[in-house]
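# Observations on chain architecture
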Amino acid sequence: MLKAMPEHQNIEYKQSWRDEYLKWICGFANAQGGKIFIGVDDSGEVTGAEDYKRLMDEIPNKTVNHLGLVVDVNLHTNI
């Protein structure tokens, strides 16, 4: 498995998506920005994200509908 850089104030790792993470997006938007990596555990180990295709549509739609924010959602693969 690949190991990612450590978490800090602008980087947050989550193994799977939960709608409660919209609060992190709101916090990043009100600060200096940031990134949430879905499919990475707290130690920085890449675990992968289930149903990533759905998340690629769902996350931007939820941020617009709930927060009024347009966010970039990118897919990183390890090929």
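These remarks concern the structure in this document. Keep in mind the model is a prediction, meaning the values are calculated, not measured.

## What to know about the pattern of salt bridges
Within the structure shown, the criterion is met by five salt bridges. Put simply, E12 and K14 hold a salt bridge, and the shortest N to O gap is 3.1 Å. The residue D19 makes a salt bridge to K62 at a minimum N-O spacing of 2.6 Å. Here D19, found in the loop between β1 (11-14) and α1 (22-30), pairs with K62, found in helix α2 (residues 52-67); they are 43 residues apart in sequence, far enough to count as distant. According to the relative accessible area criterion, D19 is partly exposed, its value standing at 40%.

## A closer look at the side chain of D41
Positionally, D41 belongs in the loop between β2 (35-38) and α2. The class of D41 is buried, set by a relative accessible area of 17%. Within the local environment of D41, its side chain forms a polar contact with the side chain of S43, the two groups lying 2.8 Å apart. Ignoring sequence-local partners within four residues, the contact set of D41 consists of Y13, Q15 and T47.

## With respect to the packing of aromatic side chains
Overall, the coordinates contain three aromatic pairs when judged by the stated rule. Between W17 and Y21, the aromatic rings sit 5.8 Å apart at their centres with planes inclined by 80°, giving edge-to-face as the arrangement. The exposure class of W17 is buried, given its relative accessible area of 14%. Seen from their ring centres, W24 and F28 are 6.2 Å apart, and the 50° between their planes marks the pair as tilted. Within this pair, W24 and its partner F28 are both found in helix α1, separated by four residues, close to a single helical turn.

What counts and how
Residues numbered from 1 in each chain as written. Predicted model: local features only at pLDDT ≥ 70, side-chain atom pairs only at ≥ 80, totals over all residues. Heavy atoms only, no water. Salt bridge = Lys/Arg side-chain N within 4 Å of Asp/Glu carboxyl O. Helix = DSSP H or I, 4+ residues; strand = E, 2+ residues; numbered from the N terminus. Buried < 20%, exposed > 50% of the residue type's maximum accessible area, 1.4 Å probe, protein only. Polar contact = N/O pair within 3.5 Å; in protein donor to acceptor, adjacent residues only side chain to side chain. Contact = heavy atoms within 4.5 Å. Phe/Tyr/Trp six-rings, centres within 6.5 Å; stacked < 30°, edge-to-face > 60°.

Fair warning: the whole summary comes from geometry, so function is off the table for now.
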